[in-house]
Amino acid sequence: AKTRFVETHEELSVLAAEKIFSCIQQKPDAVVCLAGGDTPLRTFDIFIEKTKHHSVDLSKITFVGLDEWIGLDGFDKGSCRNTLDEYLFSPLNVKENQIIFFDGKAESTEGECNRIRNAINRLGGLDFILLGIGENGHLGFNEPDVPVDELVHIVTLDNITRESARKYFSSPVNVSKGITLGMKLILSTKEIVTIASGESKAPIVDQIINGPVTHKVPASLLNNLEIAEFIFDKTAASKNF
Ligand code: F6R
């Protein structure tokens, strides 16, 4: 993978937004997956500004959800779908038929995995994915040690991820499982951009840069891919800057 170090979260966001933008300019019917969480929110703002400034037609783009907390859906403030709705889909006026997203309240979670797997398969896979990194090195909800040969699957969340859930929700939620695109699907994406910002990510970013490629640190698996790029800001890469 290529690794870029930038000074600030703003610079990281500008670069990431440019990546998404150039993907959709090259392929107006691209299949694009963008992580939720806090790190990409500014990226989304900049991307939205760019598409408006250049009057880009997004009507042929398909947006795929990366993950969702089991038990939550788009109506729950702080859920992955809700975050994407608020910060990306609504401002861009993305239509429901352009969105493929997990319903964390679906009666059958296995059925939900199949639905998303089949939908992505019909589209021919993902053209672009923007990922964040968990403090434990997770990508989506692919926690340390999850099987890496899954396309879409249910994962039991580890304690670090359950703890981190607090920052997204104003009242406590009891989340123990997630539904996520699996490592096999993520790693087969044509272009992968992974961003990390903030002191809390510095130890895991150091492991990704200097440690072995191992499924114990899912984000480290990206190191093997030429089409993958990391963008770290100074706070996240404080041990390596
Ligand atoms: C969110 C997701 C997670 C986050 C990661 C970093 O959809 O898939 O893997 O990207 O936990 O979260 P933030 O950006 O909030 O630090």
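Residues numbered from 1 in each chain as written. Predicted model: local features only at pLDDT ≥ 70, side-chain atom pairs only at ≥ 80, totals over all residues.

Visitor: Got a sec to walk through the site of the ligand? Specific residues and values, please.
Guide: Surrounding the ligand, one finds 13 residues, the nearest of these being Gly36, Gly37, Asp38, Thr39 and Gly132. The residue makeup of the shell around the ligand, split by class, is four nonpolar, seven polar and two charged. (Near = placed C-beta within 6 Å. Nonpolar A, V, L, I, M, F, W, Y, C, P; charged D, E, K, R; others polar.)

Visitor: If you had to explain the UniProt feature "domain: Glucosamine/galactosamine-6-phosphate isomerase" (unreviewed entry) in the protein chain to someone new, which residues and values would you point to?
Guide: Residues given the UniProt feature "domain: Glucosamine/galactosamine-6-phosphate isomerase" (unreviewed entry) here are residues 11-223. Helix makes up 36% of residues 11-223 and strand makes up 15%, while its end C-alpha atoms are separated by 22 Å. (UniProt positions renumbered as here; feature names shortened; annotations may be inferred. Helix = DSSP H or I, 4+ residues; strand = E, 2+ residues; numbered from the N terminus.)

Visitor: Describe the sheet that holds strand β7 (residues 152-156), naming the residues involved and giving the relevant values.
Guide: Sheet strands line up and pair through hydrogen bonds in the backbone, either parallel or antiparallel. Ordered by their spatial adjacency, three strands build an open sheet running β4-β8-β7, and the pairing between neighbours is antiparallel. Edge positions in the sheet fall to β4 (67-69) and β7, since each has one partner strand and no second. Going across the sheet, the axis of each strand differs from the next one's by a mean of 20°, ignoring polarity. The sheet contact formed by β7 and strand β8 (residues 177-181) spans five bridges and is antiparallel. Among the inter-strand pairings, His153 is bridged to a residue of β8, identified as Thr180. Relative to β7, helix α4 (residues 109-123) is tilted by about 140°, and along the sheet it contacts β7 and β8. (Pairing = 2+ DSSP bridges. Axes fitted to C-alpha atoms, helices over the stretch in contact; angles between N-to-C directions. Contact = placed C-beta atoms within 7 Å.)

Visitor: Would you mind going over helix α2 (residues 41-53) in detail, with residue names and values included?
Guide: In this model α2 runs 19 Å from its N-terminal to its C-terminal C-alpha over 13 residues, within 8% of the 18 Å that 1.5 Å per residue would give. Those residues of α2 not exposed but buried are Thr43, Phe44, Phe47 and Thr51. All buried residues of α2 fall inside an arc of 95° around its axis, so they share one side. Seen from the open side of α2, the exposed residues pointing more than 90 degrees away from its buried face are Glu49, Lys52 and His53. Lining the buried residues of α2 we find α1 (9-26) and α3 (80-92). Positive phi appears at Ser55, one or two residues downstream of α2, with a value of about 45°. (Expected span 1.5 Å × (residues − 1). Buried ≥ 20, exposed ≤ 12 C-beta atoms within 10 Å, placed from the backbone. Arc of directions from axis to C-beta.)

Visitor: Provide a residue-level description of the nonpolar core, including the pertinent values.
Guide: Buried together is how nonpolar side chains tend to be arranged in soluble globular proteins. Ranked by size, the top nonpolar core spans 62 residues in total, and within it Ile20 and Val32 carry the most contacts. It is α1 that contributes the most residues to this core, six residues altogether. Ignoring any residue separated from it by four or fewer positions in sequence, one finds Ile20 in contact with Val32, Phe47, Phe128 and Leu130. (Core = buried A, V, L, I, M, F, W, Y, C linked by C-beta atoms within 7 Å.)

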